[in-house]
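Listed below are the residues making up each chain.
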There are 2 protein chains.
Amino acid sequence: MSKGIVSKEEDYSAWYNDLVIKADLAEYAPVKGCMIIKPYGYSIWEKMQAVLDGMFKETGHVNAYFPLFIPKSFFSKEASHVDGFAKECAVVTHYRLKNDGNGNIIVDEEAKLEEELIVRPTSETIIWNTYKGWIQSYRDLPILCNQWANVVRWEMRTRMFLRTTEFLWQEGHTAHATAEEAIAETEQMLEVYADFAENWLALPVVKGRKTPNERFAGALDTYCIEALMQDGKALQAGTSHFLGQNFAKAFDVKFTNKENVQDFVWATSWGVSTRMIGALIMAHSDDAGLVLPPKLAPIQVVVVPIYKHQEELDNISEYVKSLSKELKAKGISVKFDNRDTHRPGAKFAEYELKGVPLRVAIGSRDMQNGTVELARRDTKTKETTAQEGLADTIERLLEEIQQNIYQKALNFRVENTTEVDTYDDFKRILDEKPGFVSAHWDGTPETEQKIKDETKATIRCIPLNNKQEEGKCILTGKPSTQRVLFARAY
Amino acid sequence: MSKGIVSKEEDYSAWYNDLVIKADLAEYAPVKGCMIIKPYGYSIWEKMQAVLDGMFKETGHVNAYFPLFIPKSFFSKEASHVDGFAKECAVVTHYRLKNDGNGNIIVDEEAKLEEELIVRPTSETIIWNTYKGWIQSYRDLPILCNQWANVVRWEMRTRMFLRTTEFLWQEGHTAHATAEEAIAETEQMLEVYADFAENWLALPVVKGRKTPNERFAGALDTYCIEALMQDGKALQAGTSHFLGQNFAKAFDVKFTNKENVQDFVWATSWGVSTRMIGALIMAHSDDAGLVLPPKLAPIQVVVVPIYKHQEELDNISEYVKSLSKELKAKGISVKFDNRDTHRPGAKFAEYELKGVPLRVAIGSRDMQNGTVELARRDTKTKETTAQEGLADTIERLLEEIQQNIYQKALNFRVENTTEVDTYDDFKRILDEKPGFVSAHWDGTPETEQKIKDETKATIRCIPLNNKQEEGKCILTGKPSTQRVLFARAY
């Protein structure tokens, strides 16, 4: 396939950009690092939102909305938080423009804000300032809020979906009476993310905890799900943070517990973003275009008629009408592409590029024979199939495709996860067979940093339920009790 | 009822604020004019979003997402647009904070943007700049995009939901090959909004067009739906704009038509916002709290058990379980409030305040008699009803309540719409019986402005399908061919 897509082998990064642009997912905006999410890309996000929102509500959460702007003073109340975000904050300083008298529109200096406002890079500060008013006693707890919102982080190096100045996400912010309950919430939301990644994105993930170096600014513990992309780089697809009492202390949020004693409230926060669309693309797609898991594909089945005369099309259309009805009754989305401005071959290429899981082609001979041609996007196989029971066949195939895409990604991860015991092997593997590298580490931030500086590999996570074993740190030779997962990462 | 709500009669404005705060809909944020939409208020917005989004898709629209930030230069390309919005724009000038060395976090002056960014007050400019790349020929048209987003307008006087610095809305932006098609789209979306207002919000609206003075900045024609609040003030609940070729010209968006001739593209935009929640509150509620139309109520039915002993509660709970199942099968949302921390009376007051349309109370005697007590929020009536067929009874009552709330608002509007023929009557009615005032106007902006300056009443709209009749302008006595609708407004 061409459509002018650079091959993965040749230039992975250019391949990714080509896919995003040519499959009509997104494009760069005129503002540095921002993107426009086009309708086809946005419809994937809408599907993700609907599923996740259902999962959040299923686990007792409600949605709310907090302001875009955060007073600068709030932002700096939690010391490590401001350190983590100060360098990438968009700052609002004025609230009015004016005409300078020469016909130019300029910022009105008389409309300077007394205190600058930060465009939220994340909402812990404004939310904990609000929770102070909502919480007096243990009866007010837990608070289980989520917010769907845009956030802004002024990134120097951006890439569509993976790292953009503005992005869309959800951020959950919960408040609890005990550390145990907050930790249980943090872990529960990690499970929700892992479930979503594996069963919807068809993306196998490693669940684990970040090292202190890689934690969220202000967290006591950061849990994450890590996935492996086809170029052997890791991608963090979601995080869930146990924030301890840090934000409660910064914003003085206390409650009276059952024993009538005042204590600070315990917090969590957790989020996933439009970055997941990037993960989806990078994990499954090929040189012909997107490969979308059926459960998140905006169009699951496309039907292309092959005809010369109008009466042939009429005949095919009538059949497609009843097929569509059957498919819709099963909750399967179907598009009948009867445009007369494009040839079937061009349509095939378009839906291949856009990753539609199943393509049905029907010509006049098929109508006579009671057959259709069914093409799978994931395996690129075609077969002639009976019209009888076709809706059931399609339903079964969509499930099979979802499974197959997952299994393929899982096999890839297994093949590209390597245990090493020496620093030489570590460096060699990173170059020769990039992927997850499982190795012993002495547990110090210094060693972690040195390995990062020398190899660009970071500790992606300490996997949950990690096997305990005696070993020696690959860099320092100091004793270690477990392997951790290294990789170069997005 | 008290709960400390000021009565409508005493102070309408304070009554409104009390309701918003005490019914847990929203609260003011620490940033001037911004608000926090609390879970209960946000769940109303979610219901509105779901219904409207379905209506938009039903009429062929798709969602997309455009950037929050607009380069200042874009913003000033359409002259009347910048005039309309320049005075209320939040401006981003820097992208980094730093520590000043004395432990204070300050704006890093070295991180000054070359061109200031405007936080979108509306997205015509950034979207039309994008459409330029999407449109070459008539085959690329129409484009029917909608966006759900936050926007910022720096308002000096704010009121929760009705006018806030940041608010949530949807903005549709469509592109067409002909003026006729764009006008048809503008009118279609007005119909969608009117349908939504009347059949979901239970809010009767007048459909009309704005005078040139009241048009959207950059539009050739602005259509609107206008509703009457219980204090006799009007509220604009939605607008749909025919933008002509203004934005296409400003951003040089041309297409090749079927005759192979280049022309500028025709545009519309249309939006409704969280302001509708304000309309909902003001139109229907009373001194006891919110009155929500069942179709948008987050909780449609609440069940309160009346008991002394645990076994009584167990008995009631078992029945409620089966009732809930039946109601949920009908798509009716139900909450069983079995908290033992609150007395039934307190629960009754809480759900009255929160506007839950139907309350079911069940005690042990009811269980013996096979009855329940059903209380309607809208009429404040109670009756003993058979448990047999209760789900059907509830379903029927919810429809009745929806109708009744609409009818009550419609009656109010009819009673408070007055035709006047002299300026003296006009001024007297505005004070004595505020509402819509239908009067002749000479069609000039000067007369409109003078009436506004002298009476604070504006022309809300020129109703669609307006009766044509001879008359004289109430202010100037000049001839007029139709009445227009005046009111003081939010």
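Basis of the calculations
Residues numbered from 1 in each chain as written. Chains lettered and ligands numbered in written order. Predicted model: local features only at pLDDT ≥ 70, side-chain atom pairs only at ≥ 80, totals over all residues. Heavy atoms only, no water. UniProt positions renumbered as here; feature names shortened; annotations may be inferred. Pairing = 2+ DSSP bridges. Helix = DSSP H or I, 4+ residues; strand = E, 2+ residues; numbered from the N terminus. Axes fitted to C-alpha atoms, helices over the stretch in contact; angles between N-to-C directions. Contact = heavy atoms within 4.5 Å. Left-handed = near helix turned anticlockwise from the far one by under 90°. Nonpolar A, V, L, I, M, F, W, Y, C, P; charged D, E, K, R; others polar. Least-squares fit on C-alpha atoms with pLDDT ≥ 70 in both. Expected span 1.5 Å × (residues − 1). Buried < 20%, exposed > 50% of the residue type's maximum accessible area, 1.4 Å probe, protein only. Arc of directions from axis to C-beta. Phe/Tyr/Trp six-rings, centres within 6.5 Å; stacked < 30°, edge-to-face > 60°. Lys NZ or Arg CZ within 6 Å of the ring centre and 35° of its normal. Parallel < 35°, antiparallel > 145°, perpendicular 65-115°, else oblique. Buried area = accessible area lost by both parts, 1.4 Å probe. Polar contact = N/O pair within 3.5 Å; in protein donor to acceptor, adjacent residues only side chain to side chain. Salt bridge = Lys/Arg side-chain N within 4 Å of Asp/Glu carboxyl O. 1 Å grid on protein atoms, 1.4 Å probe; cavity = no way out; pocket = protein on both sides within 12 Å on 5 of 7 lines; lining within 4 Å. Points joined across faces, edges and corners; volume = space filled by probe spheres on them.

Labelled according to an unreviewed UniProt entry, chain A appears under the name Proline--tRNA ligase, originating from Mucilaginibacter mali. The annotation that UniProt attaches to chain A under Subunit (unreviewed entry) is "Homodimer." What UniProt states about chain A under its Subcellular location (unreviewed entry) heading is, verbatim, "Cytoplasm".

Trainee: Quick rundown of the pairing of strand S21 (residues 382-386) of chain A? Include the residues and the values.
Mentor: All names here are of chain A. Bridge count between strand S20 (residues 371-376) and S21: five bridges; the pairing is antiparallel. Its bridge partner being in S21, Thr371 is matched across the sheet by Ala386. The hairpin turn running from S20 into S21, its antiparallel successor, is five residues long, and Lys380 in that turn takes a positive phi close to 55°.

Trainee: Any chance you could break down the sheet that holds S21(A) for me, citing the residues and the numbers?
Mentor: Residue and element names in this part refer to chain A. Strand order across the open sheet formed by five strands is S18-S17-S19-S20-S21, with mixed pairing between neighbours. Each having just a single partner strand, strand S18 (334-336) and S21 make up the two edges of the open sheet. Pairwise comparison of adjacent strand axes, ignoring direction, gives a mean angle of 25° for this sheet. In this structure, strand S17 (residues 301-305) lies alongside S18, joined through three bridges in parallel fashion. When the sheet's bridge partners are listed, Val301 is paired in S18 with Val334. Strands S17, S18, strand S19 (358-362) and S20 of the sheet are contacted by helix H9 (residues 310-329), whose axis makes an angle of about 170° with S18. Along the sheet face, helix H12 (residues 390-415) touches S17, S19, S20 and S21 and points at about 10° away from the line of S20.

Trainee: Explain the packing of helix H2 (residues 39-58) of chain A against helix H6 (residues 179-199) of chain A to me, and be specific about the residues and the numbers.
Mentor: All names here are of chain A. With their axes 11 Å apart at the nearest point, H2 and H6 run at an angle of 145° to one another. Considering how the two elements wind past one another, H2 and H6 form a crossing that is right-handed. Across the interface between the two elements, Met48, Val51, Leu52, Met55 and Phe56 of H2 pack against Met189, Val192, Tyr193, Asp195 and Phe196 of H6. In terms of residue class, the contact of H2 with H6 is built from nine nonpolar, no polar and one charged.

Trainee: Which residues make up the relation of the copies chain B and chain A, and what values do they have?
Mentor: Rotating chain B by 180° about the axis while translating it 0.0 Å along that axis superimposes it on chain A, leaving an RMSD of 0.0 Å. Taken together, the rotation angle and the small translation identify this as a two-fold axis. Considering only C-alpha atoms, the residue of chain B closest to the rotation axis is Val92(B), which sits at 2.1 Å. When the interface residues of chain B are mapped onto chain A, 100% of them again lie at the interface, so the same face is used by both copies.

Trainee: Explain H9(A) to me, and be specific about the residues and the numbers.
Mentor: Residue and element names in this part refer to chain A. Under the 1.5 Å per step criterion, the end-to-end length of H9 is 28 Å for 20 residues, consistent within 8% with the ideal 28 Å. Within the span of H9, buried status applies to Leu313, Ile316, Tyr319, Val320, Leu323, Ser324 and Leu327. Within H9, the buried residues cover an arc of 150° as seen down the axis, which keeps them to one side. The exposed residues of H9 that point more than 90 degrees off its buried face are Glu311, Glu318, Lys321, Lys325 and Ala329. For H9, the elements touching its buried residues are S17, S18, S19, helix H11 (364-369), S20 and H12. Phi turns positive, to about 75°, at Gly331, one or two residues after H9.

Trainee: So what's going on with the packing of aromatic side chains? Residues and values would help.
Mentor: Per the stated rule, a full pass over the model turns up 36 aromatic pairs over all chains. Both rings, one in Tyr193(B) and one in Trp270(B), keep their centres 6.4 Å apart while their planes meet at 65°; by these two values the pair is edge-to-face. Here Trp270(B) lies in strand S16 (residues 266-273) and Tyr193(B) lies in helix H6 (residues 179-199), a separation of 77 residues in the sequence. Trp270(B) matches Tyr193(B) in its accessibility class, with the two residues each being buried. In textbook terms, an aromatic cluster arises when at least three aromatic residues are bridged by ring pairs, as seen for Trp45(A), Phe56(A), Trp148(A), Tyr193(A) and Trp270(A). The aromatic ring of Trp200(A) is capped on one face by Lys295(A), whose charged end is 4.7 Å from the ring centroid.

Trainee: So what's going on with the sheet that holds strand S5 (residues 91-94) of chain A? Residues and values would help.
Mentor: Strand pairing in a sheet takes place through backbone hydrogen bonds and is either antiparallel or parallel in direction. Strand order in the open sheet made by the six strands is S4(A)-S8(A)-S5(A)-S5(B)-S8(B)-S4(B), with antiparallel pairing throughout. Edge strands, defined here as strands with exactly one partner in the open sheet, are strand S4 (69-71) of chain A together with strand S4 (69-71) of chain B. Sheet twist, expressed as the average angle between the axes of neighbouring strands with direction ignored, equals 45°. Of the strand pairs in this sheet, S4(A) and strand S8 (residues 112-119) of chain A are connected by three bridges, and their pairing is antiparallel. Counterpart to Pro71(A) in the pairing with S8(A) is Leu117(A).

Trainee: Please give an account of the packing of H9(A) against H12(A) that cites residues and values.
Mentor: Residue and element names in this part refer to chain A. Running from N to C, H9 and H12 point in directions that differ by 50°, and their axes come no closer than 9 Å. As the angle between them shows, H9 and H12 are arranged oblique. Regarding H9 and H12, the two cross each other, and that crossing is right-handed. Residues Tyr319, Leu323, Glu326 and Leu327 of H9 pack against Leu390, Ala391 and Ile394 of H12. When grouped by side-chain class, the residues that make up the contact of H9 with H12 number six nonpolar, no polar and one charged.

Trainee: Give a detailed account of the interface of chain B and chain A, specifying residues and quantitative values.
Mentor: Contact with chain B, which involves 60 residues of that partner, is made by 60 residues of chain A. A combined buried area of about 4,900 Å² lies between chain B and chain A, and 71% of that area is made up of carbon and sulfur atoms. It is Tyr65(B), Tyr95(B) and Leu97(B) in chain B that bury the most area against chain A; as a group they hold 14% of the surface buried on that side. Counting across the interface, chain B meets chain A through 28 residue pairs in polar contact (both at pLDDT 80 or more). Bridging between S5(A) and strand S5 (residues 91-94) of chain B involves three bridges; their strand directions are antiparallel. In the strand pairing of S5(B), Val92(A) is matched with Val92(B).

Trainee: Mind laying out the pattern of salt bridges, listing which residues take part and the relevant values?
Mentor: One pass over the structure, following the stated rule, counts 62 salt bridges over all chains. Between Lys330(A) and Asp392(A) there is a salt bridge, with the nearest N and O atoms lying 2.6 Å from each other. Taken together, the residues Lys330(A) in the loop between H9 and S18 and Asp392(A) in helix H12 connect sequence positions 62 residues apart. Relative accessible area serves as the criterion here: at 47%, Asp392(A) is assigned to the partly exposed category. Here Lys132(B) and Asp252(B) are joined by a salt bridge, their closest N and O atoms 3.3 Å apart. In this pair, Lys132(B) sits in helix H5 (residues 124-134) while Asp252(B) sits in the loop between helix H7 (246-250) and strand S14 (254-256), placing the two residues 120 residues apart along the sequence. For Asp252(B), a relative accessible area of 38% puts it in the partly exposed group. Each of Glu419(A), Asp421(A), Lys467(A), Glu469(A) and Arg483(A) takes part in one network of salt bridges that share partners.

Trainee: Lay out empty space enclosed by the protein in plain terms, naming residues and giving numbers.
Mentor: Within the structure shown, the criterion is met by three cavities of 30 Å³ or more. Each pocket or cavity is described by its volume, and for the largest cavity that value is around 50 Å³. Surrounding the largest cavity, Tyr65(A), Cys34(B), Met35(B), Ile37(B), Glu166(B), Phe167(B), Leu168(B) and Thr274(B) form its lining. The set of elements that each furnish at least two residues to the lining of the largest cavity consists of strand S2 (35-37) and strand S10 (166-176) of chain B. Counting residues per element, the lining of the largest cavity draws most heavily on S10(B), at three residues. Per-class residue counts for the lining of the largest cavity are six nonpolar, one polar and one charged. The volume enclosed by the second largest cavity comes to roughly 50 Å³. Lining the second largest cavity are Cys34(A), Met35(A), Ile37(A), Glu166(A), Phe167(A), Leu168(A) and Tyr65(B).

Trainee: Which residues make up the UniProt feature "domain: Aminoacyl-transfer RNA synthetases class-II family profile" (unreviewed entry) in chain A, and what values go with them?
Mentor: Following the UniProt record, the feature "domain: Aminoacyl-transfer RNA synthetases class-II family profile" (unreviewed entry) maps to residues 39-293 of chain A here. Between the C-alpha atoms that bound residues 39-293 of chain A there is a distance of 18 Å. The span itself is 31% helix and 32% strand.

Trainee: Mind laying out the environment of Thr417(A), listing which residues take part and the relevant values?
Mentor: Residues and elements named next belong to chain A. With respect to the secondary-structure elements, Thr417 resides in strand S22 (residues 417-419). What makes Thr417 partly exposed here is its relative accessible area of 32%. In sequence terms Thr417 and Pro434 are 17 residues apart; their C-alpha atoms lie 8.4 Å from each other.

Trainee: I'd like to hear about the side chain of His61(A), residue by residue, with values.
Mentor: Residues and elements named next belong to chain A. Residue position: His61 is located in the loop between H2 and strand S3 (62-63). The buried category is assigned to His61, whose relative accessible area is 3%. Ignoring any residue separated from it by four or fewer positions in sequence, one finds His61 in contact with Phe56, Leu144, Thr174, Glu185, Gln188, Met189 and Trp270.

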